[in-house]
Amino acid sequence: MRNAVAAVALAVVLAGCSSGTQSGAPGSSSGSSSGAPTSGTSAPGSTGSSGANPTAPAQPPVSISEEKPVVPPNVTPVAKEKVDTTSLSDTYRDEAYVFGDGRDIEVFGVGGGCKEARAEVTAQSAEVVQITLVTITKQPPGTMCTQEVRQVPLTVRLAAPLGDRRLVLESREETG
């Protein structure tokens, strides 16, 4: 009898895992601006579209190991002179990566404790792409949050490949 109960419990868990995107799935969120088909990716704890959406960005390919990025061979760093981070504090990384068909851009936000990170494409033109790194503080009443801060890889999808356009990174804080 115990084996039958365990088998049913396992079946329920497996069915839940394969039923599609769940709230809080890592790397799922969307955002857009100016009517352009763009999307963004958040840290765990957000909601949004699944990876099956052809306009959704791929999962971030670059990871951070001991504070330095680990870059796979199919990912290209955006040249430092093409990335404008003058409005960002030192808390943020001053780098970006392009991958896939050239429309997927990976940047790094800030998260940890009660903070979540999200990236949004806030403007696109023939010369410039602007990405806003959003830090959302969610502190439920009566709770304490740790103050650790970590770099969170975030991916956005542009309407067209980045190409030779300049990339401007900005930040914004929100409470949720």
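Before reading further, recall that the structure is shown in the block above.
Because the structure is predicted, anything quoted here is derived from the model rather than measured.

Novice: Now, about the sheet that holds strand β4 (residues 83-84): what can you tell me, with residues and values included?
Specialist: Strand order across the open sheet formed by four strands is β4-β10-β8-β7, with mixed pairing between neighbours. Of all the strands in the sheet, just β4 and β7 (115-124) have a single pairing partner and so form its edges. With nine bridges joining them, β7 and strand β8 (residues 128-137) adopt antiparallel strand pairing. When the sheet's bridge partners are listed, A119 is paired in β8 with L133.

Novice: Pulling in residues and values, what's your account of the side chain of R165?
Specialist: The topology assignment puts R165 in the loop between β9 (150-157) and β10 (166-175). Notably, R165 is buried but unbridged: the nearest opposite-charge side chain belongs to E127, and the N-O separation is 8.7 Å. A distance of 3.0 Å separates a polar side-chain atom of R165 from the backbone oxygen of S125. Discounting residues that sit within four places of it in the chain, R165 has contacts with K82, Q124, S125, A126, E127, V128, V129, L158 and A160.

Procedures and definitions
Residues numbered from 1 in each chain as written. Predicted model: local features only at pLDDT ≥ 70, side-chain atom pairs only at ≥ 80, totals over all residues. Heavy atoms only, no water. Pairing = 2+ DSSP bridges. Helix = DSSP H or I, 4+ residues; strand = E, 2+ residues; numbered from the N terminus. Buried < 20%, exposed > 50% of the residue type's maximum accessible area, 1.4 Å probe, protein only. Lys, Arg positive; Asp, Glu negative; His and termini not counted. Salt bridge = Lys/Arg side-chain N within 4 Å of Asp/Glu carboxyl O. Polar contact = N/O pair within 3.5 Å; in protein donor to acceptor, adjacent residues only side chain to side chain. Contact = heavy atoms within 4.5 Å.

That is the geometry; function is a separate question.
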